[in-house]
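A structural walkthrough
As a plain string of letters, each chain reads:
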Amino acid sequence: MKVQKKKLQIQLKQKEELGEVLHEVDFKQLKIENSQYLEKIEERNAELLKLKHSSGNTLQVLNTYKKKLDQLTLESERLQSEIDQRNDILTKIDAETELVEKERQKAENINQNLRTELSDYIVPDILDYVGVRSDLYELRKSYRTWERKVDIAQMELQKFEKQWGILREGNRMSHSWSGTEQQVL
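Read on for an overview of the structure. Just so it is clear, the structure is predicted and the values come from calculations on it, not from any experiment.

It is worth spelling out the overall build of the chain at this point. Across its full length, the chain carries three helices and zero strands. The secondary structure elements of the chain, listed N-terminal to C-terminal, are α-α-α. Taken across its 185 residues, the chain has 1% of its residues classed as buried. Accessible surface, the chain as shown: approximately 18000 Å² in total, 58% of it carbon and sulfur.

Right, here's the structure in full:
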């Protein structure tokens, strides 16, 4: 529009230079064209202003969505990390459950064997039990007696070893006296 306005001004100058005289009708025509161009410029400026507002609003909405996207991305990463941790825990629990199940099965087998032994067990007669206890008492009594006899024998052995040592020492001394007497003579 500004370009057209300048064109008209240039044309006007050219006409003046050529000496052509503008008539009043030409001025009116130029004014009408000028006012039409000004209306178009105002309309375009209004459209441009609307587009700027629309662009600003769109940019605000876009920024809001970007912030939400960033927040959701962080939340997604946090949740993925939590899922990974829980999967690790679940794997450990599965392994532990398998181990516990094996131990339970072993305990069940041991329990079954003990129940079988218990059901096969025959309780001895009371008189047999009393006899075995009496034999045990006698064996313990005999054991204590033999322990005392061994202790006494060890003390006697020590006593005899001590006496034997004294006698040997005495014999050596007597041999050494008799050897020195023979040497002096």
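The rest of the description comes next.
This part covers a positive patch on the surface. Positive charge collects at one region of the surface, where Arg133, Arg140, Lys141, Arg144 and Arg148 lie side by side. Structurally, arginine 140 is set in helix α3 (residues 126-184).

A separate point is the pattern of salt bridges. Applying the stated criterion across every chain, the model contains five salt bridges. Across the pair glutamate 98 and lysine 102 runs a salt bridge, and its minimum N-O distance is 4.0 Å. Linking glutamate 98 with lysine 102, this pair stays in helix α2 (residues 24-120), spanning four residues, or about one helical turn. Under the relative-accessibility criterion, glutamate 98 is labelled partly exposed at 49%. Of the charged contacts, one joins glutamate 101 and arginine 104 as a salt bridge, the two residues approaching to 2.5 Å between their closest N and O atoms. On the criterion of helical spacing, the pair formed by glutamate 101 and arginine 104 is a turn pair, its members being three residues apart in helix α2. Since its relative accessible area comes to 40%, arginine 104 is described here as partly exposed. Residues joined in a network through salt bridges with shared partners are Glu75, Arg78, Glu82 and Arg86.

Turning our attention to the packing of aromatic side chains. This structure, assessed with the given rule, holds zero aromatic pairs. Stacked on the ring of tryptophan 146, the Lys or Arg lysine 149 has its end atom at 4.6 Å from the ring centre.

A contiguous patch of negative charge on the surface is contributed by Glu39, Glu42, Glu43 and Glu47. Relative to the helices and strands, glutamate 43 resides in helix α2.

Here threonine 73 shows up in helix α2. Classification of threonine 73 by relative accessible area gives partly exposed; the value is 36%.

With that out of the way, let us pick up a nonpolar patch on the surface. There is a patch of nonpolar side chains on the surface, built from Ile126, Tyr129 and Val130 and spanning about 330 Å² of accessible area. When you line up the elements, isoleucine 126 lands in helix α3. With relative accessibility at 63%, the residue isoleucine 126 sits in the exposed group.

Conventions and cut-offs
- Residues numbered from 1 in each chain as written.
- Predicted model: local features only at pLDDT ≥ 70, side-chain atom pairs only at ≥ 80, totals over all residues.
- Heavy atoms only, no water.
- Helix = DSSP H or I, 4+ residues; strand = E, 2+ residues; numbered from the N terminus.
- Buried < 20%, exposed > 50% of the residue type's maximum accessible area, 1.4 Å probe, protein only.
- Areas by Shrake-Rupley, 256 points an atom, 1.4 Å probe, with all protein chains shown as cover.
- Patch = residues over 30% accessible without salt bridge, like charges linked within 9 Å, V, L, I, M, F, W, Y side chains within 5 Å.
- Salt bridge = Lys/Arg side-chain N within 4 Å of Asp/Glu carboxyl O.
- Lys, Arg positive; Asp, Glu negative; His and termini not counted.
- Charge placed at Lys NZ, Arg CZ, Asp CG, Glu CD.
- Phe/Tyr/Trp six-rings, centres within 6.5 Å; stacked < 30°, edge-to-face > 60°.
- Lys NZ or Arg CZ within 6 Å of the ring centre and 35° of its normal.

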